[in-house]
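Below are the chains, spelled out letter by letter.
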Amino acid sequence: MTWNLWWRFGPWEQRRDAILDVLREERPDVVGLQEVWAQGDDNLAGWLAGQLGMHWTWVASDAPERFHKRLGDSTVDVGNAVLSRWPIADRDTLRLPIGDGQDDGRRALYALLDAPGQRIPFFTAHLNSAPHESAVRCLQVRAIAHFIAAKRAVSDFPPVVTGDFNAEPDSDELRLFGGLKTAPVVKGQVFIDAWRLADPSAPEVTWDLVNPYAAQTFEWGSRIDYVHVGTPGPDGIGHIRTARRAGDAPVGGVWPSDHTAVVAELTE
């Protein structure tokens, strides 16, 4: 599962409870989270993990000033996190390049999950967001691809890469990252967008203007949140079975986030 949690914006305390309700209903084995907040000893990912009985790890931005300015509070950190039902055997982070783009201290987070019978290399990332920053996002997906290549040999299970890429499926950066419609960044390394295996009649927009938090930005509806999986391993492990949205409706009268989540089911 992947989900951008909209940091500490809006009615964050009510949204926190709604996010927890969605995760309890979905019962994912592993979740990549973006725009996670932390303040002092309080961390949204840690709180969620404690409520759900999951393991967790996170990484904070080292340049959160733009977020602080929007919130009017410089005491709240922002970053990415991984929640896992299985122990986290290893972790690492990568600061993403920015080229001539906005420096928000964005990072990719790696967690090696000690799942039964097979370790799973799992990644989550949040790319630059401005519509004109496609070239920056291309730099970032190149860096992520090399980061993955350095970690993937630990397991036969294909790498799982989640996140808010802030780009549509046919964009240069998504085609480059997938390596299916153009040459891959790393020779032989391609990634499959889980939505290829989704019900074609299912709604797929993850920045959905039905959501009032998304609509208030006056942007357009897009699919910008992804679960990507490498090619299946021996006997088809890691094959994508299904993909769908979650968290795409109010919970107790509150929308959990400005993004919907994406849930994918993979072959064990």
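This text follows the structure it describes.
Below you will find a few notes about this structure. Position labels on residues start from 1 in each chain and follow its written sequence. This being a predicted model, a pLDDT of at least 70 is required before a residue's local features are given, and a value of 80 or more before pairs of side-chain atoms are given or counted; all residues contribute to the totals for chains, interfaces and linings. Side-chain figures throughout are based on the complete set of non-hydrogen atoms in the structure, without hydrogens or water.

**Here's the deal with the environment of Cys138**
Point 1. Put simply, DSSP H or I for four residues or longer makes a helix, DSSP E for two residues or longer makes a strand, and each gets a number counted from the N terminus. Among the structural elements, Cys138 can be located in helix H4 (residues 134–151).
Point 2. As for Cys138 and Arg175, which are separated by 37 residues in sequence, their C-alpha atoms are 9.6 Å apart.

**Describing empty space enclosed by the protein**
Point 1. Method remark: on a 1 Å grid restricted to protein atoms, a set of points is classed as a cavity if a 1.4 Å probe fits but cannot get out and as a pocket if it is open with protein on both sides within 12 Å along at least five of seven lines; lining residues have an atom within 4 Å of a point. Grid points are joined across faces, edges and corners, and a volume is the space filled by probe spheres set on the points. Scanning all chains against the criterion turns up one cavity of 30 Å³ or more.
Point 2. Approximately 120 Å³ is the volume found for the largest cavity.
Point 3. Elements represented by at least two residues in the lining of the largest cavity include exactly strand E4 (55–60) and strand E5 (77–84).
Point 4. In the lining of the largest cavity, the residues fall into four nonpolar, five polar and four charged. For this scheme, ten residues count as nonpolar: Ala, Val, Leu, Ile, Met, Phe, Trp, Tyr, Cys and Pro. Four count as charged, namely Asp, Glu, Lys and Arg, and the remainder, Gly too, count as polar.

**Regarding helix H2 (residues 44–52)**
Point 1. Each residue is assigned to one of three classes by its accessible area relative to the maximum for its type, calculated with a 1.4 Å probe on protein chains only: buried under 20%, partly exposed between the two thresholds, exposed over 50%. All buried positions along H2 are accounted for by Leu44, Ala45, Gly46, Leu48, Ala49 and Leu52.
Point 2. At the C-terminal side of H2, Gly53 shows a positive phi close to 70°.

**As for the packing of helix H1 (residues 12–26) against H2**
Point 1. Where H1 meets H2, the closest approach of the two axes is 11 Å, and the angle between their N-to-C directions is 45°. As the angle between them shows, H1 and H2 are arranged oblique. The handedness of the crossing between H1 and H2 is right-handed. Of H2, the residues touching H1 (which contributes Arg16, Asp17, Ile19, Leu20, Leu23 and Arg24) are Leu44, Trp47, Leu48, Gln51 and Leu52.
Point 2. Per-class residue counts for the contact of H1 with H2 are seven nonpolar, one polar and three charged. Orientation is described by axes fitted as lines to C-alpha atoms, over the contacting stretch for helices, and by angles from 0 to 180 degrees between their N-to-C directions. Orientation labels follow simple angle bins: below 35 degrees gives roughly parallel, above 145 gives roughly antiparallel, 65 to 115 gives roughly perpendicular, and whatever is left gives oblique. Here is the rule for handedness: rotate from the far helix to the near one, and if that takes an anticlockwise turn smaller than a right angle the crossing is left-handed, while a clockwise turn gives right-handed. We call two residues in contact when some of their heavy atoms are within 4.5 Å.

**Side note on the nonpolar core**
Point 1. In this structure, Met1, Trp3, Leu23, Leu33, Leu48 and Leu83 are the most contacted members of the largest nonpolar core, which totals 33 residues.
Point 2. Secondary-structure elements contributing two or more residues to this core are H1, strand E2 (30–39), H2, E5 and strand E13 (261–266).
Point 3. With residues near it in sequence (within four places) discarded, Leu23 still touches Met1, Trp3, Pro28, Val31, Leu48, Leu52 and Leu83.
Point 4. Ranked by size, the runner-up nonpolar core spans 23 residues in total, among them Ala108, Ile148, Val185 and Tyr226. Here, nonpolar core refers to any group of buried Ala, Val, Leu, Ile, Met, Phe, Trp, Tyr and Cys residues whose side-chain atoms link them within 4.5 Å.

**Focus on unusual backbone geometry**
Point 1. Here the phi dihedral of Trp7 falls at roughly 40°; this positive angle occurs in a residue that is not glycine.
Point 2. When you line up the elements, Trp7 lands in the loop between strand E1 (2–4) and H1.
Point 3. Here Trp7 falls in the buried class, since its relative accessible area comes to 1%.
Point 4. For Asp235, which is not a glycine, the phi torsion comes out positive at approximately 60°.
Point 5. Among the secondary structure elements, Asp235 is positioned in the loop between strand E11 (225–230) and strand E12 (240–246).

**Overview of the pairing of strand E8 (residues 118–126)**
Point 1. The element E8 is extensively covered by neighbouring structure, given that seven of its nine residues are classed as buried.
Point 2. At least two DSSP bridges between two strands are required for those strands to pair. Direction of pairing for strand E7 (residues 107–115) relative to E8: antiparallel, over a ladder of eight bridges. Considered in E8, the bridge of Asp114 is made with Arg119.
Point 3. In this antiparallel pair of consecutive strands, E7 and E8, the connection spans two residues, and Gly117 shows a positive phi of 85°.
Point 4. Where E8 lies against strand E9 (residues 160–164), five bridges are found, and the strand directions are parallel. By the bridge assignment for E9, Phe122 is matched with Val160.

Any link to function would need more than the numbers given here.
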